[in-house]
Amino acid sequence: MTRFLLRAGLASALGAVSLALLAPLVDHVPVFLCVLALWTAVSWLTWRRLAEEPFPGTDEGDRMTLILVIAAFCRLALVLVAPTPSTDAFRYSWEGRVANAGLNPYRLPPSSPRLALLRLAQDEGINNQGLTAIYPPVALAAFRAVAAVTADARAQKALFSLCDLLACVLLMRLLRRRGLSAAWAAVYAWHPLVLVEFSAAGHLDSLMILGLLAGLDLWESGRRELGAVTWAAATLVKVVPILLLSWLLLRRPRYAALFLAVVIVGSLPAASGFVAALRAAPESGIAAFASDWLANPSLYAVLSTLVESPAARRLILVVAVGAFSLPWARRCSNDAARYLCGMILAILLASPVVQPWYVLWALPFALLAPSPTALAWSWIVGFMYFAIDP
């Protein structure tokens, strides 16, 4: 197994270096997708080989070291280039600098004349410059911490790539607790889309995934209050972990109350953004995301043939996902990883916006509670770059 992992790891490292040399990837989409296809084949073969030996081996320590060394190399190779194919990291740097200047990114969009003195050359890459911030307060705190050191958007990428590497370490720990080989983490650690989205692009979702895995580790270790608080903190990075509320309610209502209280209190710094969204202010990023944005919808697109109002379509799907969460929580009452995997897939099927990196939310949990569906989706979704503008 170790020899196979070495070959697969070297192939992954070659893939990472190839993409780094191709940057910016949007200028070389055909070659980018060819490299992605070959690298995806390596990822699939790794999964197949691990399926033949799913349990810990005598060389488990060597496997873990190899996986982490190659994972770190791949991430470093891609962090060093400018954000690509997505430009979100430029936005992260901008909002961190705005907040550090004592101004409110939930009220002032990048195009505001009041922010002209903060602009740098790299800020031409900021997307949706007429819209205010949509990121929750813990995400904004991360942006601020990095921006206090340097305005370089690659530093934002470095933080979220490091979070991704730490997620690999936690995933190994969780796999071993289940009696599985830590080598399964290679499917995540060397996954081509994980490296593209969390290291080349530097999406903040890796911090949310790290929070989910940390909360799961704490929960399974018996430190359930701290686990619930950690899951709440992950919700304040990106709202997706709010789906844990149903599972916590059925398990222990007091943990659900603690989770919800931390989310509510932690959301207060973004109150002005929520108020602007409720007023449907034209510059509100939250309102725009909740009402106007579309990218690769599934059930939402089907529902659009039956229901004319976009607001009604969104409401129907929110209610449907909420209704599904309760029986699914009962079915997965003793397995938070399985619950998370299923609920994330349900959210993605219902969401009007499914960017390629969103599918990666489910990937660690698809390894802890095996889900070939989630794995297959993670391997094919990157080819959306044929059709969408990142």
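Because the structure is a prediction, the values reported are computed rather than measured. (Residues numbered from 1 in each chain as written. Predicted model: local features only at pLDDT ≥ 70, side-chain atom pairs only at ≥ 80, totals over all residues. Heavy atoms only, no water.)

Caption draft 1: View of helix H4 (residues 88-100). Here H4 spans 19 Å end to end across 13 residues, near enough to the 18 Å set by a 1.5 Å rise per residue. Counting buried residues in H4 gives 12 out of 13 residues, a clear majority hidden from the surface. Of the residues making up H4, those classed as buried are Asp-88, Ala-89, Phe-90, Arg-91, Tyr-92, Ser-93, Trp-94, Glu-95, Gly-96, Arg-97, Val-98 and Ala-99. In this structure, the buried side of H4 is in contact with helix H5 (137-147) and helix H6 (153-177). Two residues or fewer past H4, Gly-102 is found with a positive phi of approximately 85°. (Helix = DSSP H or I, 4+ residues; strand = E, 2+ residues; numbered from the N terminus. Expected span 1.5 Å × (residues − 1). Buried < 20%, exposed > 50% of the residue type's maximum accessible area, 1.4 Å probe, protein only. Contact = heavy atoms within 4.5 Å.)

Caption draft 2: Molecular detail of the side chain of His-191. With respect to the helices, strands and loops of the structure, His-191 is situated in the loop between helix H7 (185-189) and helix H8 (192-200). His-191 gets classed as buried once you look at its relative accessible area, which sits at 1%. When residues no more than four places from it in sequence are discounted, the contact partners of His-191 are Ser-43, Ala-186, Leu-360, Leu-363, Ser-378 and Trp-379.

Caption draft 3: Main features of a nonpolar patch on the surface. The grouping of Val-239, Ile-242, Leu-260 and Ile-264 at the surface amounts to a nonpolar patch, some 320 Å² of accessible area in total. By the element assignment, Ile-242 lies in the loop between helix H10 (224-235) and helix H11 (244-251). (Patch = residues over 30% accessible without salt bridge, like charges linked within 9 Å, V, L, I, M, F, W, Y side chains within 5 Å. Areas by Shrake-Rupley, 256 points an atom, 1.4 Å probe, with all protein chains shown as cover. Salt bridge = Lys/Arg side-chain N within 4 Å of Asp/Glu carboxyl O.)

Caption draft 4: Just the nonpolar core, in detail. Ranked by internal contacts, the top residues of the largest apolar core, which has 131 residues, are Trp-231 and Phe-365. For this core, the element with the highest residue contribution is H6, accounting for 11 residues. (Core = buried A, V, L, I, M, F, W, Y, C linked by side-chain atoms within 4.5 Å.)

Caption draft 5: Focus on unusual backbone geometry. A cis amide bond links Ala-23 to the next residue, Pro-24, at an omega of 0°. With respect to the secondary-structure elements, Pro-24 resides in the loop between helix H1 (2-22) and helix H2 (29-52). In this structure, the amide linkage connecting Thr-84 to the following residue, Pro-85, adopts the cis form with an omega of 0°. Counting through the fold element by element, Pro-85 comes out in the loop between helix H3 (60-79) and H4.

Caption draft 6: Local environment of the environment of Val-79. You can see Val-79 is positioned in helix H3. Separated by 78 residues in sequence, Val-79 and Lys-157 place their C-alpha atoms 6.1 Å apart. Among all residues touching Val-79, those that are not within four sequence positions of it are Arg-154, Lys-157, Ala-158, Ser-161 and Ser-199.

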